[in-house]
Amino acid sequence: MLNLGILISGRGSNMESILKSIKKKKIPINAAVIISNKPDAKGLKIAEKLGVSIEVIESKGFKNRWEYDKKIISTLIKYGVTPKNGLVCLAGFMRIISPEFVKKYKNRIINIHPALLPSFPGLDSQKQALDYGAKYSGCTVHFVDAGMDTGPVIIQAIVKVKENDTVETLSKRILKEEHKIYPEAVNLFARKKIKVVGRRTIIS
Ligand code: GRF
C-alpha cells in the first residue's frame, strides 16, 4: 500500500481530518508518519492519540533549506514514504520546501491553502481576501512545485465572504471546507485517480 507522511508545524486540524478519514472512509493509504519541525506542535499529541508515529525534526538553526529537507527525506524513507511509494501532505507546515525535495517527490507532495489560488498566495490569505474586498474565497488543495502556492490545483471549495466577516469568522468557515477537501484529495491520490497534464489535473 501507499505510505503517507504528513508535515505539520502547529495545530494539526487538517492532519487530524486526514487521519480520521483514512480510518472512516477506508482510504487505501497507510498513515506512516507525522513529522513536525516544531517540538511543541499541538498536532503531535493528536497524532499520538490516533496511534500514528511521530517525529520531530527541528528546523531552528538551519540556514540551508536542502540541508534540512534531506533530514525530512531520510525520515520519510525510514517510514516507507519513498519517491516511488509515498505521498507527502503539507498541513500547516510553515516552511518553504527546497526545489530538490520537490523534484525528488515530483507530483507526490500536496498542500492545502486557505484561498482560491491563484488569488491570495502566501501568508494571511484570509486577511488578504478581506482586505481586497473579495466576495468569495475558499481553499485549494494543490500539488507542490518549486514556486509559492503555484502547483497544479487538485480540488477547490468556495466560501462566500459575509459583510460582517472578521479574519476569525472567515478562517473558521474556510477551515471547515479544508477538512472536507484535503481528505478527498488524499483519497483521489491513493486511488490513482489524479493525472497531471501540464498545469492541469484530470480527475477520473
Ligand atoms: C490551514 O488554514 C491551512 O490551510 C494552512 O495552514 C493552516 C493549518 O491549520 N496552510 P492546521 O494546522 O491544519 O489546523
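Cut-offs and rules
Residues numbered from 1 in each chain as written. Predicted model: local features only at pLDDT ≥ 70, side-chain atom pairs only at ≥ 80, totals over all residues. Heavy atoms only, no water. Axes fitted to C-alpha atoms, helices over the stretch in contact; angles between N-to-C directions. Helix = DSSP H or I, 4+ residues; strand = E, 2+ residues; numbered from the N terminus. Parallel < 35°, antiparallel > 145°, perpendicular 65-115°, else oblique. Left-handed = near helix turned anticlockwise from the far one by under 90°. Contact = heavy atoms within 4.5 Å. Nonpolar A, V, L, I, M, F, W, Y, C, P; charged D, E, K, R; others polar. 1 Å grid on protein atoms, 1.4 Å probe; cavity = no way out; pocket = protein on both sides within 12 Å on 5 of 7 lines; lining within 4 Å. Points joined across faces, edges and corners; volume = space filled by probe spheres on them. Domains from an automatic or database assignment. Buried area = accessible area lost by both parts, 1.4 Å probe. Polar contact = N/O pair within 3.5 Å; in protein donor to acceptor, adjacent residues only side chain to side chain.

With that settled, the discussion passes to the packing of helix 1 (residues 13–24) against helix 2 (residues 42–49). Where helix 1 contacts helix 2, the two axes come as close as 9 Å, and the packing angle between them is 15°. Here helix 1 is positioned roughly parallel relative to helix 2, judged by the angle of their axes. At the point where helix 1 passes helix 2, the crossing takes the right-handed sense. For the pair helix 1 and helix 2, contact is made by Met15, Glu16 and Leu19 and by Gly43, Ile46 and Ala47, respectively. Of the residues that constitute the contact of helix 1 with helix 2, the class distribution is 4 nonpolar, 1 polar and 1 charged.

Gaps left between atoms are located by rolling a probe of water-molecule size over the structure's atoms. Approximately 970 Å³ is the volume attributed to the largest pocket. Gly92, Met94, Ile112, Pro114 and Leu123 are the residues nearest the centre of the largest pocket, which is lined by 36 residues in total. Taken together, the elements giving at least two residues each to the lining of the largest pocket come down to helix 1, strand 5 (109–113), helix 5 (125–132), strand 6 (136–143) and helix 6 (167–190). Here the residues of the lining of the largest pocket sort into 15 nonpolar, 15 polar and 6 charged. Structurally, the lining of the largest pocket is a two-domain feature, drawing no fewer than three residues from each of domain 1 (1–106) and domain 2 (112–204). Estimated volume of the second largest pocket: approximately 150 Å³.

So, on to the domain arrangement of the protein. Taken domain by domain, the protein holds domain 1 (1–106) and domain 2 (112–204). Of the residues lining the interface, 22 residues belong to domain 1; the matching set on domain 2 comes to 16 residues. A buried area of about 1,500 Å², summed over both sides, lies between domain 1 and domain 2, and 73% of it is on carbon and sulfur atoms. At the junction of domain 1 with domain 2, the criterion picks out 4 residue pairs in polar contact (both at pLDDT 80 or more). Breaking the side of domain 1 that touches domain 2 down by element, the ones donating at least two residues are helix 1, strand 4 (86–90) and helix 4 (99–104). Tallied by class, the residues present in the side of domain 1 that touches domain 2 amount to 14 nonpolar, 5 polar and 3 charged.

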